[in-house]
Amino acid sequence: MSDDRPLPGALSGALSGALSEPTVRVSARWTASLSLANLAVFLGFFTPIQILLPEQLERLDAAHKAGLLSWVTGVGAAVAMLVNPLAGAISDRTTSRLGRRRPWILVGALLGAAGLLLTATQQGLAGIVAGWALAQAGLNIMLAGVSAPVADQVPLSQRAVVSGWTGICQSLGLLVGALLVTVVVSGVAAGYALTAGFTVALALPFVLGFREPVLPRSARRPLNVRALLAGYWVSPRRYPDFGWAWLTRFLINLGNAIGTLYLLFYLTDAVHYPAPDTGVLILTAVYTLAALLSAVPSGMVSDRTGRRRVLVLLSCVVMASAALVLALFHSWPATVLAAAVLGAGYGIYLAVDQALVTQVLPAAVDRAKDLGVINIANSGPQVLAPAVAAPIVAHLGGYSGLYVVTALVTLLAGLLVHRIRGVS
């Protein structure tokens, strides 16, 4: 059961709603606060990956910058894969009077900020890897917390629209982060510090401003190592729709990771844009605007019609066409066009796929853990992408080959989404 009233006051009525299917519509203020918390997560994720880490590693070793970036992001993604389901499982069993999700959102924000600040101070590869691993651990604890409230508290008839608002914060995280570290401040250290501060500040409205249903101690399942390890596996034979949803998301994110990993280097080496940092900011703005224009309207269409799969397929076709533009035309105007098309497709995907995923979760008692398993399909490609992208750029067609592979992987995901039977 949803509860949009501010935090102060009694927690009456919360116990019965912790595991129930939500039926009460959430308010615009609740959605806005959760969206800000999502923005905090993705600001912390993407600002370093897109701008700060490449600049930091280029100063460390310009000749091997691509390989070093692959190592750092790959280790961080591996940490994310381990931490997210674990944090979700602990969240599912939390009986705090503050609820199951909000305490861990705050803990994750603080730990993630600490990791960002640690990364900023490092001068060697090992220190950068360690700092980024800590940041990934904290941000993934936070992600486990902000992913679950939609399934916990938003009814199906509103879920794609709310997912559109929260999902668009992935794109906004790119844009806001780029603005912060290129316009508001200059320098890698200042960029990390400002990113860390915003990661915590943007989480506070949801953490402090709203109550959530409390899990009764009688409903808490045992927390032991065997249960936690078992939680990393959700049988696709027993839950085939969950398995297909996981695979389609993995492929979509693999295509996205392959295509965006070397964006700064693509602008430098293929497009020969004179100011690649500024170019990333412009492309991010175009991408974000296009995603904003498509996410919420597509969510409204999905909620009203109950259709999810066909819209996910549409998003894959649109994103694949953007990748083909990048493969065929290494020019600044073509890159801007591709950013707009990619943003439009990803906006549709963000809104509709998240709503689809919440409908195939195996059990209410494991919502955050199972969403953590789903989130492996977000972080796992970050581990695999460097291994796929580096040899393609070096030996199999360069950037043209890279974006052809991106298009093919994305189209495959769109085809497989129709294997999900329990969702229209």
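Report on the accompanying structure. Values in this document were obtained by computation on a predicted structure and should not be read as measured data.

1. A closer look at the overall build of the protein chain
Scanning the protein chain for helices and strands turns up 15 helices and 0 strands. For 424 residues, the compact-globule formula gives about 22 Å, and the C-alpha radius of gyration of the protein chain, at 20 Å, lands near that figure. Based on the C-alpha atoms only, the size of the protein chain along its principal axes is roughly 60 × 45 × 40 Å. Burial analysis of the protein chain (424 residues in total) assigns 58% to the buried set. Pairs at least 24 residues apart make up 86% of the contacts formed inside the protein chain by residues separated by at least 6 positions. When the accessible surface of the protein chain is summed, it comes to about 16000 Å², and 70% of that surface belongs to carbon and sulfur atoms. For the protein chain, the distance from the average site of its 27 positive side-chain charges to the average site of its 16 negative ones is 10 Å.

2. Regarding empty space enclosed by the protein
Counted under the stated rule, the structure contains 5 cavities of 30 Å³ or more. Taken as a whole, the second largest cavity holds about 60 Å³ of empty space. Forming the walls of the second largest cavity are Ile49, Gln50, Pro54, Leu69, Thr260, Leu261, Tyr262, Leu263, Leu264 and Phe265. Secondary-structure elements contributing two or more residues to the lining of the second largest cavity are α1 (28–60) and α10 (263–271). Taken together, the residues that form the lining of the second largest cavity break down as 8 nonpolar, 2 polar and no charged.

3. Considerations on the pattern of salt bridges
This structure, assessed with the given rule, holds 12 salt bridges. Measuring nitrogen to oxygen at the nearest pair gives 3.3 Å for the salt bridge that ties glutamate 21 to arginine 159. With a gap of 138 residues between them, glutamate 21 in the segment before α1 and arginine 159 in helix α5 (residues 156–184) connect regions that are remote in the sequence. Among the residues examined, arginine 159 registers a relative accessible area of 2% and is labelled buried. The salt bridge involving glutamate 21 is made with arginine 367; its shortest N-O contact spans 4.0 Å.

4. Some remarks on unusual backbone geometry
Positive phi values are uncommon outside glycine, yet histidine 272 reaches one of about 60 degrees. By the element assignment, histidine 272 lies in the loop between α10 and α11 (276–305). On the basis of relative accessible area, histidine 272 is assigned to the exposed category, the value being 56%.

5. Let's talk about the packing of aromatic side chains
Inspection of every chain in the model, using the stated rule, returns 11 aromatic pairs. Measuring from centroid to centroid gives 5.7 Å for phenylalanine 42 and phenylalanine 46, while their planes differ by 20 degrees, and the two rings are stacked. With phenylalanine 42 and phenylalanine 46 both in helix α1, this residue pair falls 4 residues apart, about one helical turn. In textbook terms, an aromatic cluster arises when at least three aromatic residues are bridged by ring pairs, as seen for Trp30, Phe206 and Phe210.

6. So, helix α6 (residues 188–201)
A rise of 1.5 Å per residue sets the reference length of α6, with its 14 residues, at 20 Å; its end C-alpha atoms lie 20 Å apart and thus fit the reference within 8%. When we look at burial in α6, the residues that qualify are Val188, Gly191, Tyr192, Thr195, Ala196, Thr199 and Val200. Buried residues in α6, looked at end-on, bunch into an arc of 160 degrees, giving them a common side. Contacts from the buried residues of α6 go to α1, α3 (102–120), α4 (125–153), α5 and α7 (204–209).

7. Description of the environment of alanine 135
Looking at the secondary structure, you find alanine 135 in helix α4. We classify alanine 135 as buried; its relative accessible area is 0%. As for alanine 135 and leucine 263, which are separated by 128 residues in sequence, their C-alpha atoms are 22 Å apart. Discounting chain neighbours no more than four positions away, the residues touching alanine 135 are Gly112, Gly115 and Leu116.

8. Observations concerning the nonpolar core
Membership of the largest hydrophobic core comes to 112 residues, with the highest contact counts inside it found for Trp30, Tyr266, Tyr399 and Leu402. Setting aside residues no more than four positions away along its own chain, tyrosine 399 makes contact with Tyr262, Phe265, Tyr266, Asp269, Ala270, His330 and Val393. By size, the runner-up hydrophobic cluster in this structure holds 7 residues, among which are Ala87, Ala133, Ala137 and Ile141.

9. Notes on the environment of arginine 101
Summarising the element assignment, arginine 101 is placed in the loop between α2 (65–92) and α3. Residue arginine 101 is classed as buried on the basis of its relative accessible area, which comes to 0%. Distance in space between the C-alpha atoms of arginine 101 and serine 147 is 9.1 Å, their sequence separation being 46 residues. Once residues within four sequence positions are removed from consideration, arginine 101 is found in contact with Ser91, Asp92, Gly145, Ala148, Pro149, Asp152, Glu212, Arg367 and Ala368. A distance of 2.8 Å separates polar atoms of two side chains, one belonging to arginine 101 and the other to serine 91.

10. Some remarks on helix α9 (residues 240–260)
In an α-helix, one full turn covers 3.6 residues, which means residues spaced three or four apart are oriented alike. With 21 residues, α9 ought to run about 30 Å at 1.5 Å a step, and its terminal C-alpha atoms sit 30 Å apart, in line with that. The element α9 is largely enclosed, with a buried count of 16 among its 21 residues.

11. Observations concerning a nonpolar patch on the surface
There is a patch of nonpolar side chains on the surface, built from Leu324, Leu328, Phe329, Val404 and Leu408 and spanning about 490 Å² of accessible area. For the nonpolar patch, the secondary structure elements donating two or more residues are α12 (309–328) and α15 (398–416).

12. A short note on the environment of valine 336
Mapped onto the fold, valine 336 is located in helix α13 (residues 332–358). Separated by 179 residues in the primary sequence, valine 336 and serine 157 have C-alpha atoms spaced 35 Å apart. Apart from residues no more than four positions distant in its own chain, valine 336 is found in contact with Leu283 and Val286.

13. Concerning the packing of α5 against α11
Interaxial distance between α5 and α11 falls to 8 Å at its minimum, and their mutual angle equals 175 degrees. One way to sum up the angle between α5 and α11 is to call them roughly antiparallel.

Rules and cut-offs
- Residues numbered from 1 in each chain as written.
- Predicted model: local features only at pLDDT ≥ 70, side-chain atom pairs only at ≥ 80, totals over all residues.
- Heavy atoms only, no water.
- Helix = DSSP H or I, 4+ residues; strand = E, 2+ residues; numbered from the N terminus.
- Rg over C-alpha atoms; globule rule 2.2 N^0.38 Å.
- Buried < 20%, exposed > 50% of the residue type's maximum accessible area, 1.4 Å probe, protein only.
- Contact = heavy atoms within 4.5 Å.
- Areas by Shrake-Rupley, 256 points an atom, 1.4 Å probe, with all protein chains shown as cover.
- Lys, Arg positive; Asp, Glu negative; His and termini not counted.
- Charge placed at Lys NZ, Arg CZ, Asp CG, Glu CD.
- 1 Å grid on protein atoms, 1.4 Å probe; cavity = no way out; pocket = protein on both sides within 12 Å on 5 of 7 lines; lining within 4 Å.
- Points joined across faces, edges and corners; volume = space filled by probe spheres on them.
- Nonpolar A, V, L, I, M, F, W, Y, C, P; charged D, E, K, R; others polar.
- Salt bridge = Lys/Arg side-chain N within 4 Å of Asp/Glu carboxyl O.
- Phe/Tyr/Trp six-rings, centres within 6.5 Å; stacked < 30°, edge-to-face > 60°.
- Expected span 1.5 Å × (residues − 1).
- Arc of directions from axis to C-beta.
- Core = buried A, V, L, I, M, F, W, Y, C linked by side-chain atoms within 4.5 Å.
- Polar contact = N/O pair within 3.5 Å; in protein donor to acceptor, adjacent residues only side chain to side chain.
- Patch = residues over 30% accessible without salt bridge, like charges linked within 9 Å, V, L, I, M, F, W, Y side chains within 5 Å.
- Axes fitted to C-alpha atoms, helices over the stretch in contact; angles between N-to-C directions.
- Parallel < 35°, antiparallel > 145°, perpendicular 65-115°, else oblique.

Fair warning: the whole summary comes from geometry, so function is off the table for now.
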